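The residues making up each chain are set out below.
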Amino acid sequence: MSSQDMLKNASTLASYNVLLQVMFRVLTFLLNAFTLRFVSKELIGVVNVRLTLLYSTLVFLSREAFRRACLSGGTDHNWRQVINLLWLTLPLGVLWASLLVCVWLWLLEVPDPLTIPHYGPAVGLFALAALQELLAEPLWVLAQAHMFVRLKVVAESLAMVAKCVLTVVLVVSAPQWGLYIFSAAQLVYTGFLVLCYIVYFLRFLGSGEANRKFFPLRRVADLLPSRVEGEPVIDWTLARLTWSFFKQSFLKQILTEGERYVMTFLNVLSFGEQGVYDIVNNLGSMVARFIFLPIEESFYVFFAKVLERGRDVRQQKQDEVAIAAEVLECLLKLVLVIGLIITVFGYAYSHLALDIYGGSLLSSGAGPSLLRCYSSYVLLLAINGITECFVFAAMSKEEVDRYNLVMLALSISFLLLSYMLTWWAGGIGFILANCLNMGLRILHSLFFIHRYFLSSQWTPLRGLRPSPLLLLALALSAVLTAISEGVFCCDGGWLLRLVHIAVGAWCLLGVLVTVILTETKLVQFVRTQLLPRYGKKHT
């Protein structure tokens, strides 16, 4: 497969993933708004912080390193050995589940059973849901490596819809079940996910389409662990790379979910405060997650296939390096522009958004300040996602090991900063600590990218320099929307709120027109690589 074909597939995958994440976030957004009317903020805090942290930690530590290692190098693997390696995620998950369930039940503060009953069974059920999801891991990696872009969309869409429907039905009909509702919904989600992947590969293997694509596996039995005489059971090169990524993933998980670990283990916020913080956090990160994360995941696959890990830029195919550099520059410019827009307009519309979404429960107190700070954090989140996406795809195994030390230092500093800043500034302290650590991670990635391309003719970091006219348009929008908020929002009724919204809409339109007129290279990239209808025509 040529680098252009890989770019096309990665772009298509990114587009589908963006649409998928939009649907996920919209459904989660509506589901949270709905459940706020039926359950307490304390219950929301336990589910969205404590139990979700258990689930995400178990899944991430069990599979993330395997994913990154097995997707390196594209499809040029002995897939029988790769499948054997991927099945190790399940016993590893059982080990992590045994350890984490003990911690969650006996070492952490247990919620008041009168206020939040069924905590113990819920911990076990969330761990079971995580183990159930690991059953699909070999199939997920196969699908990603061979660019089965629609499978992930369909599987996760069906699973998410099933989860939301069950949650709504149980919250309305049996709210007294409490944590059992969300545990059952999580089990249904992972069950649907695994079922979709199994059904797809049962139909695909041995079919005419599989033969046309030269798919490396022929029978359903090939998806199970097996051994061939004269061959190692697993690919030991990938196994060593997996171990390197595992050490890194452990630290990355602390950075990614750091505020939840601090809340969970250090008890700096009550369960009710955790619930409010998590709702504001999810609202603030909605755009970041359904736009930036899918792009990062999809183009990591592209960079990992185009670039030869650990080799100097002069020793690689120059046409493929050129494509990688151009794509990196455009991606940096894309996320920078989106991040700046979110930062500017998030400041003036945070109070209004929270008031509409959750009423005075969210718009009073620290809620608006939390969301304003998070709007600024989104800009750093966007840049870091793309820079680390490239760095992780280009690093050698030795560089990955060295970066683990950097991640260790960042993890320790983040935990200390979170603890100190939270005692000083409450929930805002979490966001400030995230900003400081994200800034350090970005600096490290920028130094790596600069050194990587230093001996070449390409300078992809130009993507971090927006046009002066765009900066002027953003500055004017920031001033106008701030004045509008002070004059029209948010206690004067809906008419004045609509005027405030209209001011923001006109300012946003002006910014978008400026982008179209001044960032022509970025616009062309979006049209030809990220939008499916243009991708098919022009890629």
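Everything below is about the structure shown above.
Residues numbered from 1 in each chain as written. Predicted model: local features only at pLDDT ≥ 70, side-chain atom pairs only at ≥ 80, totals over all residues. Heavy atoms only, no water.

Chemist: Can you explain the packing of helix α2 (residues 41-70) against helix α8 (residues 179-204)? Please cite residues and give values.
Modeler: At a closest axis distance of 11 Å, the pairing of α2 and α8 adopts a crossing angle of 40°. As far as their axial angle goes, α8 and α2 are oblique. Classified by chirality, the crossing of α8 by α2 is right-handed. Residues Leu 43, Val 46, Val 47, Leu 51 and Tyr 55 of α2 form the contact with α8, whose own contacting residues are Leu 179, Phe 182, Gln 186, Tyr 189 and Thr 190. A class-by-class count of the residues in the contact of α2 with α8 yields eight nonpolar, two polar and no charged. (Axes fitted to C-alpha atoms, helices over the stretch in contact; angles between N-to-C directions. Helix = DSSP H or I, 4+ residues; strand = E, 2+ residues; numbered from the N terminus. Parallel < 35°, antiparallel > 145°, perpendicular 65-115°, else oblique. Left-handed = near helix turned anticlockwise from the far one by under 90°. Contact = heavy atoms within 4.5 Å. Nonpolar A, V, L, I, M, F, W, Y, C, P; charged D, E, K, R; others polar.)

Chemist: An account of the state of the cysteines is requested, with residue identities and associated values reported.
Modeler: If you walk through the whole model with that rule in mind, you get zero disulfides. Cys 330 provides the cysteine sulfur closest to Cys 389, a residue in no disulfide bond, and the two sulfurs are 14 Å apart. Given a relative accessible area of 2%, Cys 389 falls into the buried group. The thiol sulfur of Cys 507 is not disulfide-bonded, and the nearest other cysteine sulfur, from Cys 489, lies at 15 Å. Accessibility expressed as a relative area gives 9% for Cys 507, which makes it buried. (Disulfide = S-S within 2.5 Å. Buried < 20%, exposed > 50% of the residue type's maximum accessible area, 1.4 Å probe, protein only.)

Chemist: Got a sec to walk through the pattern of salt bridges? Specific residues and values, please.
Modeler: This model, assessed by the stated rule, comprises 14 salt bridges. Here Lys 333 ties to Glu 519 by a salt bridge, and the two come within 3.0 Å at their closest N and O atoms. Placement of Lys 333 in helix α13 (residues 318-358) and of Glu 519 in the loop between α19 (494-518) and α20 (520-530) is noted, with a sequence separation of 186 residues between them. For the pair shown, Lys 333 and Glu 519 are each scored as buried. With its nearest N and O atoms 2.3 Å apart, the salt bridge here joins Asp 355 to Arg 497. In this pair, Asp 355 is assigned in helix α13 and Arg 497 in helix α19, connecting sequence segments 142 residues apart. Classification of Arg 497 by relative accessible area gives buried; the value is 10%. (Salt bridge = Lys/Arg side-chain N within 4 Å of Asp/Glu carboxyl O.)

Just geometry here; none of it tells us what the structure is for.
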